[in-house]
Each structure stands twice: as C-alpha cells, then as structure tokens.
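Survey of secondary and tertiary structure
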Amino acid sequence: MLVSDLPTPALLVEKSRLEANLAAVQARAEAQGVALRPHIKTHKCPELARLQVESGAQGLTVATVREAEAFAAAGFDDLVIAKEMVTEDAFTRIAALQEEGVRLAFCIDTLAGATAASHAFAEHAGVDVLIEVDTGHHRCGVRWDDPEADDVVRRMTRLPGLRVRGLLTHGGQSYIGPDEGETLREARVRAMREERDRLLAFAVQLGTARLLDPAEAVLSLGSTPSFSVFENAEHDGFRITEARPGNYVFHDAMQVALGTAPMTACALTAQATVISTHRDDDGTDRVFVDAGKKTFTTDTGDGTSGYGVLLHSPSTMKPLPHARIVGLSEEHGWIDVPGGSTFDVGDRVRIVPNHACVAVAMQSALYVVEGDTVVDRWAVVAR
C-alpha cells in the first residue's frame, strides 16, 4: 500500500529514522553506564517496545496502571510506573500483575501515600517502590534540598510491605528552554546537571544517614532533552544507574525547537487531507485540513511556532516556508500561507506534531513507512 492510499488523518512512522533514534540513545546509555528503561507513554505500542528491548533496553517505564496491564499482557515483565500510586484500585491491580509474575515498582513521595501502599501490601508479598525526588521540575517528589527529608525517608523505609529500591526524578525543566544569553545546548546541559547532581546529592544525604546503599540503590532519571547531553558522574560512591527518556523514539517539533534533534530525526508525521481553501483580503491563503486537536494537540513549547510544522518535502523533512498552523478545532487544522499557496482540495500534506506523545495517544494505530510505501501497521494500546 502507498502512503497516499491511507485514510486520513493518519500517523506515519518512518522506519529508518526510528531505527536511527533507537540506536543513538541506546549507544549513549551504554557509553554512560546506565540501563535504558524507556518511557512507553510516548508510543503505547508493544511492537515498538520490542524493538527497544531488542536494541538493549532493560525494562520499560509506564505512566499508568492501564499501560502496565497492557504491556504485561504483551509479554513485558519488568515495569516501573513513574507516578505515585495511592488508590485501592491501583494497589489491587498492581498486586494482580505481581501474581502473574510481573516485576513492578511505582513511586511514593509522601508519608501518606507510602502508608496507604504499606496497608495494601503488608500482608502480601510486598511491593517495590521508588522515592520520587523533585530536582527542579516541581511536579511531584520530595524536594532534593529538604533538610527534613532524612526523617521522612526513614519513616517510609520502616513501613511494612514496602521495599525501597532507590530514587527517581524527572528533569522536566529541560523543556523550559534557555535563559537569557544561553545557547540551546547550554540550556540542556544546565538542566541535565541539575537533574543529575541534585539526585546524586539527595542520594548522598540518604547514604550518610544509612538509608540508601550505593551498591544496590537504583538512581533513575530521564527526559529526552536532558538525556541528549547526559554524562554520568559519581558522588561519594553513588552513580546514576538508569535513564527513562521516551520522546526520543520519534522526536517532534518541540525537540527540534529545543535543539535536541534536527528535523531530519523526526520519525513521526501526521498525514492529512486538504478539505478547503480560501484567500483572505491580504493575499494570505487559509488552508483547512481534516486533522485538528484530536490529531496534533494544542500543546506548544519553547521556540515552537503554531501547532506543528507543515512539511514542503517529507523525504527531506524541509518545512514549507512561511506556512503556519494557526488554529485547531477538534477535527480541523487552520493553516495560513502568506502570499498564497498551491494547495488544492484533496491534496495530502504531512505535518510534524509539536508533541508526539499526545498525538499518538489520540490514535489507534501507527503506520510504519519506508518512503512512500506502508510496510506495517502497529496497534496503539492503553489509550
């Protein structure tokens, strides 16, 4: 089947770019002595996860219990839920996965949450947990510089039914972009060092208090922008042991804007059809396509312009000059082309989404392509 024969909107994955992205990040992980535990919320696709494991990944990261169940059903048995679990429903489902032989851990970051997990697992086989640390993103986690953290962690480690495997953080501040006077690379290096060094400092603090053993503790970090410049380090015997980037498999317009990857590394594009064209009084052509919020999302990021990048040439990944996706409704994309365009109703266009992870979560399938040929169809699960 040709790409042009697919119904639209459709998400396409260029096989060669995907394979290059997998190889590059696996090589960085191995060079820096960390296990790669990729976050599959980006693709939610068992076939792609198998490629990651075959490339050398050691386990997977998921965001929800539903994702854990779906990937366990697909045969993956080493999972970390990189989020706090606090409800009875979540605990019951996690226990069921454990009974099926899945090795699974989740996050804790408060004594209340840890106590709830303890009550659920104390009379069973127990459960592995990772203490989430806030190293600057301010989403969840014990603050890395909290002077009272020793006491909180000590009380967590004493709770029955919990096995504290180590620490986990997410350097989401790497998506903020550069400070004044910084280059894009300098901004990513700064964010990486914050994420890495603050996690190591927290580990040393707990090690000094005899609450964490450097020979056994998992120290897990990860974001695609910060991992693109990651270099490991050692603080008093502690080193980063694990990385959890996710977006790297596809990259997207956000990653290009942050300098993480060039446009030619973007493996995921959305194909849409032109359904209407109109010319404004100022000579701007407004082109409407059959893909909107439910395909591209309204996410924007530092350095992005509009809601995606319209390509002039999918083969070379060159953007169409001056074209800008200025608006989205649920099923329509609004594209302005100053000076006029050559688009006709029925034409197919290709667009790089701003945020690949959300785009994939709205679809049921990914179409793997080699140039103009569709070579496979991969299901998207746990939507």
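Small disclaimer: the values here were computed from a predicted structure and weren't measured. (Residues numbered from 1 in each chain as written. Predicted model: local features only at pLDDT ≥ 70, side-chain atom pairs only at ≥ 80, totals over all residues. Heavy atoms only, no water.)

**Focus: the overall build of the protein**
Going by this rule: Each helix is a run of DSSP H or I of at least 4 residues and each strand a run of E of at least 2, with the numbering of both proceeding from the N terminus. This radius of gyration counts C-alpha atoms alone. The globule rule is 2.2 Å times how many residues there are, raised to the power 0.38. The rule is simple: take the accessible area with a 1.4 Å probe, protein chains only, and divide by the maximum for that residue type; under 20% is buried, over 50% is exposed, in between is partly exposed. Note on contacts: a residue pair is in contact if any heavy atoms of the two residues lie within 4.5 Å.
For the protein, the helix and strand inventory stands at 11 helices and 21 strands. In terms of overall dimensions, the protein is globule-like: its C-alpha atoms have a radius of gyration of 22 Å, near the 21 Å expected for 383 residues. Over its C-alpha atoms, taken along the principal directions, the protein stretches across nearly 70 × 50 × 35 Å. Here the protein holds 383 residues, and 54% of them are scored as buried. Long-range contacts, defined as pairs at least 24 residues apart, comprise 69% of the intrachain contacts of the protein with a sequence gap of at least 6.

**Let's talk about the layout of surface pockets**
Basically, it comes down to this: Cavity means a closed set of points on a 1 Å grid over the protein atoms alone, one where a 1.4 Å probe fits but cannot get out, pocket means an open set with protein on both sides within 12 Å along at least 5 of 7 lines, and lining means a residue has an atom within 4 Å of a point. Grid points are joined across faces, edges and corners, and a volume is the space filled by probe spheres set on the points. Residues are sorted three ways: Asp, Glu, Lys and Arg are charged, Ala, Val, Leu, Ile, Met, Phe, Trp, Tyr, Cys and Pro are nonpolar, and all the rest, Gly among them, are polar.
Of the voids in this model, the largest pocket is the one considered here, and its volume is about 450 Å³. Around the largest pocket, the lining comprises 26 residues; the ones closest to its centre are H39, K41, R139, H170 and Y175. Top contributing element to the lining of the largest pocket by residue count: strand β4 (residues 78-84), with three residues. Across the lining of the largest pocket, the residue classes tally to seven nonpolar, 12 polar and seven charged.

**Looking at the pairing of strand β5 (residues 103-108)**
The condition is simple: At least two DSSP bridges between two strands are required for those strands to pair. By the criterion used throughout, a crossover qualifies as right-handed when its path from the first strand across the helix to the second strand runs clockwise, the strands pointing away from the viewer.
Of all six residues in β5, five are buried; the element is thus mostly enclosed. Relative to β5, β4 runs parallel, the two sharing five bridges. In the sheet register, V80 faces β5, and the bridge partner there is A105. Running through helix α4 (residues 88-99), the crossover from β4 to the neighbouring parallel element β5 is right-handed. The sheet contact formed by β5 and strand β6 (residues 127-134) spans four bridges and is parallel.

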